[in-house]
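Working through the structure, step by step
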Amino acid sequence: MTLTPTRSSSAPAKALAAPHPREDNSPPASADARVVAWVESIAALTKPDSVVWCDGSAGEYDRLTRAMVDSGTLIRLNPEHRPYSFLARSDPSDVARVEARTFICSEHEDDAGPTNNWRDPAEMRPVLAKLFDGSMRGRTMYVIPFSMGPLGSPLAKLGVQVTDSPYVVASMGIMTRMGTAALELITADTEWVPAVHSVGAPLVDGAVDVPWPCNETKYISHFPETREIWSFGSAYGGNALLAKKSFALRIASVIARDEGWLAEHMLILKVTNPRGRVFHVAAAFPSACGKTNLAMLTPSIPGWTVETIGDDIAWLKPDADGRLRAINPEAGFFGVAPGTGPSTNATAVDTLWGNAIFTNVALRDDGDVWWEGLTDKIPEHLVDWQGNDWTASSGSLAAHPNSRFTVAAAQCPSISSDWDDPHGVVIDAIIFGGRRASNVPLVVEARDWEHGVYIGATVSSERTAAAEGTVGELRRDPFAMMPFCGYNMADYWSHWLEMGAKLRATGTAPRIFQVNWFRKSNDGSFLWPGFAENSRVLAWILDRVDGRAAGADTPLGWKPVADGIDTEGLGVTASQWEQLFAVDPEAWLAELESTEEFFAGFGDRLPEALTAQLADIRRRLKLAREN
Ligand code: OXD
Ligand code: MN
C-alpha cells in the first residue's frame, strides 16, 4: 500500500524524502577507520548476510518499516486515524527490561557494588563471544551511528550500535539523532561508545523467520572500563535500544563520574511563573510514579506554564560559570501506554497523533490502537497485544501493562523551544519522588545539598500489587538509579557529594526537594489529587527558589507553612493537609533502622556524610518525640 501521510507542521521529517538506502557492505567514505575496523570485527564474529550502514534518512525509515510490514513484524495502522504509525507485537516472553540478566562487568566486583549483578569480564567475554558467534547468520547487520544530545553539543556523546533487528533501527531513529550526521562527527580522536546487539536468532538450516525473533537466553552486559555494551537475546526497549538505559545511564554514569558531571534518570521541565521568571527543574522518580505525566504537565493554576524538555534522562554538567546545565540526551519518548489518556496526560495523547511505533498495545477493529486508560469507553471488540480476539469479558488486559509508544520528542505539543539547546538549560531545582502511602510528606525542601543527597539515596516506593514481592514492602530505588547506575552506588553518592561541593563553591547549586503525590489517609484514600494539581507543589518549590515562599522546619526538611500551597477548590480538608505533612517519630525511627541496614550493605564505601545525615535526622526525630 502506498501511503500519503497527513502531517502537521510539528511532525518530524521522517517520511518526506525518497529512499535510496545503501544496501551493501561498503562503509560510507566519511566513516572513521576505527569505526570501520570495529564494524568489520563484529561482522566477522556475528556473520550476517549483509551489512547496512544507516544514514538516518526518512527514506531509510520508510523502506525499513515497509519491509517490516511485509514480514509481519509491524502492522500499519489505519492512516485515517493514526497516520504513518505502526503496531509491533513482541514475543510474549520479551516484554520488559530484564534486570536479572543485566550485568556490570567491571574489573573488580566492588566497583559494581552490591546493587548490581557483577560478572568478571574475563568470564563474560568468552560467554558472549560464543553466543555472538554466527548469531546474525541469515540476517542483515545494521550499523547505527548516533548522538546522545544535540549534534555537536559540548554535552553530547557519540555511539555506534550494530543490530540485526530492523525494529531496533527504526526505534533508534526516533529515540536518538541517528545516521550520517552523527557518523561524520566521529573522527580519529573522538570518543564513541560501541554497542553490539543481536536478537540471537540466526536464520540457518532453512529456519523461517518470525515477526519478533529473540532468544530465551538474554545477556545485557556493560563493560564500564572499556565503555562497551553487548546485548543478546531481546529486542525490547531498554534491553535493545542501547542508547537509552545502557549508554545514557549505565555507561554514561561512569563517564560522568570520571569527567565531573552527572548522568541521571531524570525528566527535565521548563516552568514559567506568573511574573515571567523562567526556571528549569530536573526530577527523578522510580517507575510507576507518573514521570511522563509530570514531564507533560498542564498546570491547573493560573499564570504558570510548564514545558517539556525531557521525560526520562538528563545529563547535567557545570558550565564555565559553575552553573549546572542539563540536556535531554534523547530525541524521543519511549513511554508506557496504559494509563495514558485525556484526563491523565492529554499532551501525550496529542503527541501520538501519528508518526509513532506502538508495541504490545491492542488493535481496534478500525485499525487504530487502544490501551487501558486511553478512553473511558472500552471498545466492544479488540485484538489484544498477543493477537487474540478480546472483549471486556475476556478477563485479561487488552494491552500489556508495559506496552509502549515510541515517538519523536519534537512532536510533543508542550516541547520547550530550548529542549535541544546544545548548551543545555540551567537547573534551578532538583526533585526526588517516590510512591509512598505513609511517612513521606507531600513536599519538603532539603536543608542543604548533603541532606538532598541523603533524600536521593533513600528514595523508595512501596510495592504495588502489580510488582513481585510483598505489597506495602519498601523497594529502595536510590536516585531512581537502582537498575541504571553503572558503578558502585556508594561511589555514586560520593560523586554527588563532590559535585555539590563544587557547585556550592560558586554559589550556584540547585535547591533539592522531595515530593510524594501518593500519601494515603488511614482509610486508604489518596490525600492529594495529583496530576495537574501537582503544579501547586511545583509552584511552591519554585517560589522557594525565588525567595517568595516561607518554610517551616521539620525533622525531614522545610515544609510549606499553613496555607503555603494554594489548595483553593481542591477539597483538601484541614485534617487532610495535616496528614499530608504529618511526621510520626516512631514510624520514622523504624524507617531509619531499615535505612541504616541498607546503608550498611555498602560497607566502607558509604560516604560519611550520609551516616552523619542519618544521625542528624534521628536526633531531630527523637527531639520531636520528646516535645
Ligand atoms: C523506562 C524505565 O522504561 O525506567 O523508562 O524503566
Ligand atoms: Mn526510565
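The structure this text deals with has already been given above.
Residues numbered from 1 in each chain as written. Chains lettered and ligands numbered in written order. Predicted model: local features only at pLDDT ≥ 70, side-chain atom pairs only at ≥ 80, totals over all residues. Heavy atoms only, no water.

With that out of the way, let us pick up the overall build of the protein. Regarding its fold elements, the protein presents 16 helices and 31 strands. Counting only C-alpha atoms and orienting by the principal axes, one finds that the protein spans roughly 80 × 55 × 45 Å. Expressed as a percentage of its 627 residues, the buried residues of the protein come to 58%. Of all intrachain contacts in the protein linking residues separated by at least 6 positions in sequence, the fraction that spans at least 24 positions is 74%. Of the roughly 23,800 Å² that the protein leaves accessible, carbon and sulfur atoms contribute 51%. (Helix = DSSP H or I, 4+ residues; strand = E, 2+ residues; numbered from the N terminus. Buried < 20%, exposed > 50% of the residue type's maximum accessible area, 1.4 Å probe, protein only. Contact = heavy atoms within 4.5 Å. Areas by Shrake-Rupley, 256 points an atom, 1.4 Å probe, with all protein chains shown as cover.)

Protein-derived coordination of the manganese ion (ligand 2) comes from Lys 245 (NZ), His 265 (NE2) and Asp 312 (OD), at a distance range of 2.1 to 2.2 Å. When the donor residues of the manganese ion (ligand 2) are listed from N- to C-terminus, their spacing reads K-x19-H-x46-D. Placement of Lys 245 in helix H8 (residues 243-259) and of Asp 312 in the loop between strand E14 (305-310) and strand E15 (314-318) is noted, with a sequence separation of 67 residues between them. Taking the relative accessible area as the measure of exposure, Asp 312 reaches 9% and is therefore buried. (Donors = N, O, S within 2.8 Å, 3.2 Å for Na, K, Ca; no water.)

On to the sheet that holds strand E21 (residues 382-383). Sheet architecture is open: four strands sit in the order E20-E19-E21-E22, paired in antiparallel fashion. This sheet does not close on itself; its edge strands, each paired only once, are strand E20 (369-370) and strand E22 (389-390). Bridge count between strand E19 (residues 362-364) and E20: two bridges; the pairing is antiparallel. Bridge pairing in E20 links Ala 362 to Trp 370. (Pairing = 2+ DSSP bridges.)

Our next topic: helix H4 (residues 121-132). With 12 residues, H4 extends 16 Å from end C-alpha to end C-alpha; this agrees with the ideal 16 Å at 1.5 Å per step. Residues Pro 121, Met 124, Leu 128 and Phe 132 constitute the buried set of H4. An end-on view of H4 places all buried positions within 60° of arc, on one side of the element. Turned more than 90 degrees away from the buried face of H4 sit Ala 122, Glu 123 and Lys 130, all of them exposed. Each element contacted by the buried residues of H4 is listed here: helix H1 (33-46), strand E4 (102-104), strand E8 (192-198), strand E9 (219-223) and strand E10 (228-232). (Expected span 1.5 Å × (residues − 1). Arc of directions from axis to C-beta.)

For the rest of this paragraph, the subject is the packing of helix H11 (residues 449-457) against helix H12 (residues 489-505). One can describe the packing of H11 onto H12 by two numbers: an axis separation of 10 Å at closest approach and a directional angle of 155°. Between H11 and H12, the angle is such that the two are roughly antiparallel. Like other packed secondary-structure pairs, H11 and H12 cross with a definite hand, here right-handed. Contacts between H11 and H12 involve Trp 449, Glu 450, Val 453 and Ala 457 on the former and, on the latter, Trp 493, Trp 496, Leu 497, Gly 500, Leu 503 and Arg 504. Split into classes, the residues belonging to the contact of H11 with H12 amount to seven nonpolar, one polar and two charged. (Axes fitted to C-alpha atoms, helices over the stretch in contact; angles between N-to-C directions. Parallel < 35°, antiparallel > 145°, perpendicular 65-115°, else oblique. Left-handed = near helix turned anticlockwise from the far one by under 90°. Nonpolar A, V, L, I, M, F, W, Y, C, P; charged D, E, K, R; others polar.)

Inspection of the entire model under this criterion finds 42 salt bridges. Counted as one network, the salt bridges with shared partners bring together Lys 157, Glu 191, Arg 227, Arg 257, Asp 258 and Glu 259. (Salt bridge = Lys/Arg side-chain N within 4 Å of Asp/Glu carboxyl O.)

Moving on, we come to H11. The buried fraction of H11 amounts to eight of the nine residues, a majority that puts the element mostly inside the structure. Buried within H11 are the following residues: Trp 449, His 451, Gly 452, Val 453, Tyr 454, Ile 455, Gly 456 and Ala 457. Where H11 is buried, its residues contact strand E25 (429-433), H12, strand E29 (511-515), strand E31 (557-560), helix H15 (585-600) and helix H16 (608-626).

Near ligand 1, the surroundings consist of Arg 97, Lys 245, His 265, Asp 312, Arg 404 and Phe 484. One nitrogen or oxygen atom from the side chain of Arg 97 is found 2.8 Å from an oxygen atom belonging to ligand 1. Asp 312 has a polar side-chain atom sitting 3.3 Å from an oxygen atom of ligand 1. For ligand 1, whose unbound accessible area comes to 210 Å², protein coverage reaches 85%. Each residue belonging to the shell around ligand 1 can be placed in one class, and the counts come to one nonpolar, one polar and four charged. (Near = heavy atom within 4 Å. Polar contact = N/O pair within 3.5 Å; in protein donor to acceptor, adjacent residues only side chain to side chain.)

Position of His 280 among the secondary structure elements: in strand E13 (residues 278-284). Exposure remark for His 280: the relative accessible area of 8% places this residue in the buried category. Side-chain polar atoms of His 280 contact the side chain of Asp 418, separated by 3.2 Å. Look past the residues within four positions of His 280 in its chain and what remains in contact with it is Leu 269, Lys 270, Ile 309, Asp 418, Val 425, Val 426, Ile 427, Asp 428 and Ala 429.

Our focus in this paragraph is the nonpolar core. Most often, soluble globular proteins keep nonpolar side chains buried together rather than apart. One finds Trp 315, Phe 358, Phe 432, Trp 493 and Trp 496 to be the most contacted residues of the largest nonpolar core, which totals 126 residues. Of the residues forming this core, the biggest block, nine residues, is contributed by H8. Those residues within four positions of Trp 496 in sequence are excluded, and the remaining contacts are Leu 262, Glu 264, Met 266, Ile 430, Phe 432, Trp 449, Val 453 and Phe 479. Leu 294, Ala 295, Trp 304 and Trp 528 belong to the second largest nonpolar core, which has 38 residues in total. (Core = buried A, V, L, I, M, F, W, Y, C linked by side-chain atoms within 4.5 Å.)

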